[in-house]
Amino acid sequence: MGLEQTAPAPWREVSPGDWSNWKWQLANRLNTVADFDAFIDLTPSEKTALSVQGLFRVDITPYFASLIDPHDPNCPIRRQVLPTEQELLQDPAVMVDSLNEESHSPVRGLVHRYPDRVLMLVTTQCASYCRFCTRSRIVGDPHENFGQVDFEAQIDYIERTPQIRDVLLSGGDPLVLSDRVLGGLLERLNAIPHVEIVRINTRVPVFLPQRVTEELIATLRRFQPMWLNLHINHPKELTPELEAAIARLADAGIVLGCQSVLMAGVNDCPNVMLDLVHRLVRNRVRPYYLYQCDLVVGAAHFRTPVAKGVEIIEALRGHTSGYTIPTFVVDMPEGGGKVPVQPNYLISMSDERVVLRNYEGFISAYSQPADYRPHNPEECAHCRAQARPGNQQGVFGLLRGRARSIRPADWETTHRRERPDGS
Ligand SMILES: *Cc1c(COP(=O)(O)O)cnc(C)c1O
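Bear in mind that the values here come from a model prediction, so they are computed numbers and not experimental data.

**What to know about the sheet that holds strand β10 (residues 346-349)**
Link 1 in the chain: Judged by pairing direction, the sheet is antiparallel, and its three strands sit side by side in the order β10-β11-β12 without closing on themselves. Of all the strands in the sheet, the pair left with one neighbour each is β10 and β12 (363-367). Averaged over all pairs of adjacent strands, the angle between strand axes in this sheet comes to 20°, irrespective of strand direction.
Link 2 in the chain: Sheet analysis places β10 next to strand β11 (residues 353-357), joined by three bridges and oriented antiparallel. Of the residues in β11, the one forming a bridge with Leu346 is Leu356.

Right, here's the structure in full:
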């Protein structure tokens, strides 16, 4: 099937059949000064960046390029995919692998950071390349691609590790794989008894809605429960083509979420975010995460202060439906993982009362129960059955009394002070 639209201005000579064919879109991506110069008023900075050797790969589907405002260098679509000289700036804060994924990889392309879930990188290829890519160390590079040998090793690790109940397919973008390869992977994962859910993280519907064909839908819907996380950063991305692709996914019973990256000059505005989350919910997509921009090479200029994310959540919580509000997270540098950051609503506490404030600044006291009988984990079948891996019990382990402290590695030596008499 195809979306029967006609191509916009610069592609007027393209047949509707070609335009709605995802393979045509991939084969005709734009990546040179000449490609863009034909229809965009390129800035000197964009021209320089496009001419530099060794920059993170540029490739934009004609469909996504057609959404760029040719006269506005600050167009939010344009800023996400067209490089500028700012990518060449040195910034002491950034790293090649800011989330320390390589050290969390037991086998090539599998990131096991959290106790019960893994990130499975199935390709390094995308439909178009985001200038703020967190995995630009491998993404886009055809020589770094993953293949059947890697899939076998990844699946073997998942089979051998019964604590894994959730597998996230990512990359690169899993939906650039053929239906046959993708279906084969899902089949293998589906056959592992302890894998309860599979998630797909994808930006293909945004860059290439033509890829969401009846055949792809038929492949995906065979594997329930299926969760699919889109990546949409600005309301301008929600075109009729994308909305139609989202509707096909939702109609197939696929649960849809959206993760967005907070970026200076793209969506660092509470009202842009409000428009975006309202549009998402109207399209049956639940906003999931809003990410602080990672400290990754080439993307430093997209960073906002963390305060901007807190301000955005302040502008949403209470002001609009809870279903529209993503969790703002900072993925901690050096592999600490995601931590939520939000405004403080808890003002104070005593045994008797908790003082809270709401979004309006109204402050009131909630009375705590005087006669609460604490939950007894010894009497609870769920608590008895739940065995958390010892070294990742964390702060919850402290609450449950399984440990009394969590200490930095050199804590003991630092705090063994010499007395003046040498004793
Ligand atoms: C984000 C992420 C996950 C999934 O985290 P959720 O909070 O469950 O969505 C899993 N593994 C890695 C390495 C991640 O970065």
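**Overview of the domain arrangement of the protein**
Link 1 in the chain: The assigned domain composition of the protein is domain 1 (16-84) and domain 2 (102-340).
Link 2 in the chain: Counting the surface lost from both domain 1 and domain 2, the interface buries some 2,400 Å², and carbon and sulfur atoms represent 60% of this.
Link 3 in the chain: Looking at the side of domain 1 facing domain 2, the largest losses of area belong to Trp22, Phe56 and Gln80, adding up to 34% of the total buried there.
Link 4 in the chain: If you look at where domain 1 meets domain 2, you find zero salt bridges.

**Looking at helix α13 (residues 306-316)**
Link 1 in the chain: For α13, the complete set of buried residues consists of Gly309, Ile312, Ile313 and Leu316. End-on, the buried residues of α13 take up no more than an arc of 95°, which puts them together on one face.
Link 2 in the chain: Its buried side turned inward, α13 meets β6 (255-262), α12 (270-282), β7 (286-292) and β8 (327-332).
Link 3 in the chain: Looking at the residues trailing α13, positive phi occurs at Gly318, about 90°.

**Here we look at unusual backbone geometry**
Link 1 in the chain: Residue Gly172 follows Gly171 across a cis peptide bond; omega there is 20°.
Link 2 in the chain: Within the fold, Gly172 resides in the loop between β3 (166-170) and α8 (179-190).
Link 3 in the chain: The omega angle of the peptide bond from Gln224 to Pro225 is -5°, so this bond is cis rather than trans.
Link 4 in the chain: For Pro225, the location among the structural elements is in the loop between α10 (214-221) and β5 (226-231).
Link 5 in the chain: Positive phi, normally seen in glycine, also occurs at Arg284, with a value near 65°.
Link 6 in the chain: Take Arg284: it is sitting in the loop between α12 and β7.
Link 7 in the chain: When its relative accessible area of 46% is taken as the criterion, Arg284 is described as partly exposed.

**A few points about the nonpolar core**
Link 1 in the chain: Core analysis: the largest hydrophobic core is formed by 100 residues, its most contacted members being Phe36, Met120, Ile158, Leu169, Leu220 and Ile232.
Link 2 in the chain: Sorting elements by how many residues they give to this core places helix α11 (residues 240-251) first, with five residues.
Link 3 in the chain: Three or more residues apiece are contributed to this core by two domains, here domain 1 (16-84) and domain 2 (102-340).
Link 4 in the chain: Sequence-distant contacts of Met120, that is, excluding residues within four places in its chain, are made with Gly109, Leu110, Gln154, Ile155, Ile158, Val167, Leu168, Leu169, Ser170, Leu185 and Leu189.
Link 5 in the chain: Listed in part, the five residues of the second largest apolar core include Phe56, Cys126, Tyr129 and Val139.

**Focus: the site of the ligand**
Link 1 in the chain: Neighbouring residues of the ligand: Val111, Arg113, Tyr114, Arg117, Leu119, Leu168, Arg199, Tyr288, Tyr289 and Lys338.
Link 2 in the chain: Interatomic distance of 2.5 Å between a side-chain N/O atom of Tyr289 and an oxygen atom of the ligand.
Link 3 in the chain: The separation between an oxygen atom of the ligand and a polar side-chain atom of Lys338 is 3.0 Å.
Link 4 in the chain: Look at the ligand: alone it shows 390 Å² of surface, and the protein chains cover 88% of it.

**Side note on the pattern of salt bridges**
Link 1 in the chain: Taken as a whole and assessed by the stated rule, the structure comprises 25 salt bridges.
Link 2 in the chain: Residue Arg160 pairs with Asp156 through a salt bridge whose shortest N-O separation is 2.9 Å. In this pair, Arg160 and Asp156 are both assigned in helix α7 (residues 148-160), four residues apart and thus about one turn of the helix distant.
Link 3 in the chain: Where salt bridges share partners, they join Asp97, Glu101, Glu102, Arg135 and Arg137 into one cluster.

**Details of the packing of aromatic side chains**
Link 1 in the chain: Counted under the stated rule, the structure contains eight aromatic pairs.
Link 2 in the chain: Between the aromatic rings of Trp19 and Trp24, the centroid separation amounts to 6.0 Å while the plane-to-plane angle is 50°, which identifies the pairing as tilted. Each of the two residues, Trp19 as well as Trp24, counts as buried.
Link 3 in the chain: Note on Phe56 and Tyr129: the rings are 6.0 Å apart at their centroids and 90° apart in plane angle, and the pair reads as edge-to-face. Of this pair, Phe56 sits in the loop between α4 (44-51) and α5 (62-65) while Tyr129 sits in the loop between β2 (117-121) and α7, and the two are 73 residues apart along the sequence. Tyr129 carries the same exposure label as Phe56, and that label is buried.
Link 4 in the chain: Three or more aromatic residues link up through ring pairs in this structure, and these residues are Trp11, Trp19, Trp24 and Phe39.

**Some remarks on the side chain of Asp173**
Link 1 in the chain: Positionally, Asp173 belongs in the loop between β3 and α8.
Link 2 in the chain: For the buried Asp173, no salt bridge exists, and the shortest N-O distance to an oppositely charged side chain is 7.4 Å, to Arg203.
Link 3 in the chain: From its side chain, Asp173 meets the backbone nitrogen of Val204 in a polar contact 2.9 Å long.
Link 4 in the chain: With sequence-adjacent residues up to four places away left out, Asp173 is seen in contact with Thr123, Gln125, Cys126, Asn201, Thr202, Arg203 and Val204.

Cut-off values and rules
Residues numbered from 1 in each chain as written. Predicted model: local features only at pLDDT ≥ 70, side-chain atom pairs only at ≥ 80, totals over all residues. Heavy atoms only, no water. Pairing = 2+ DSSP bridges. Helix = DSSP H or I, 4+ residues; strand = E, 2+ residues; numbered from the N terminus. Axes fitted to C-alpha atoms, helices over the stretch in contact; angles between N-to-C directions. Domains from an automatic or database assignment. Buried area = accessible area lost by both parts, 1.4 Å probe. Salt bridge = Lys/Arg side-chain N within 4 Å of Asp/Glu carboxyl O. Buried < 20%, exposed > 50% of the residue type's maximum accessible area, 1.4 Å probe, protein only. Arc of directions from axis to C-beta. Contact = heavy atoms within 4.5 Å. Core = buried A, V, L, I, M, F, W, Y, C linked by side-chain atoms within 4.5 Å. Near = heavy atom within 4 Å. Polar contact = N/O pair within 3.5 Å; in protein donor to acceptor, adjacent residues only side chain to side chain. Areas by Shrake-Rupley, 256 points an atom, 1.4 Å probe, with all protein chains shown as cover. Phe/Tyr/Trp six-rings, centres within 6.5 Å; stacked < 30°, edge-to-face > 60°. Lys, Arg positive; Asp, Glu negative; His and termini not counted.

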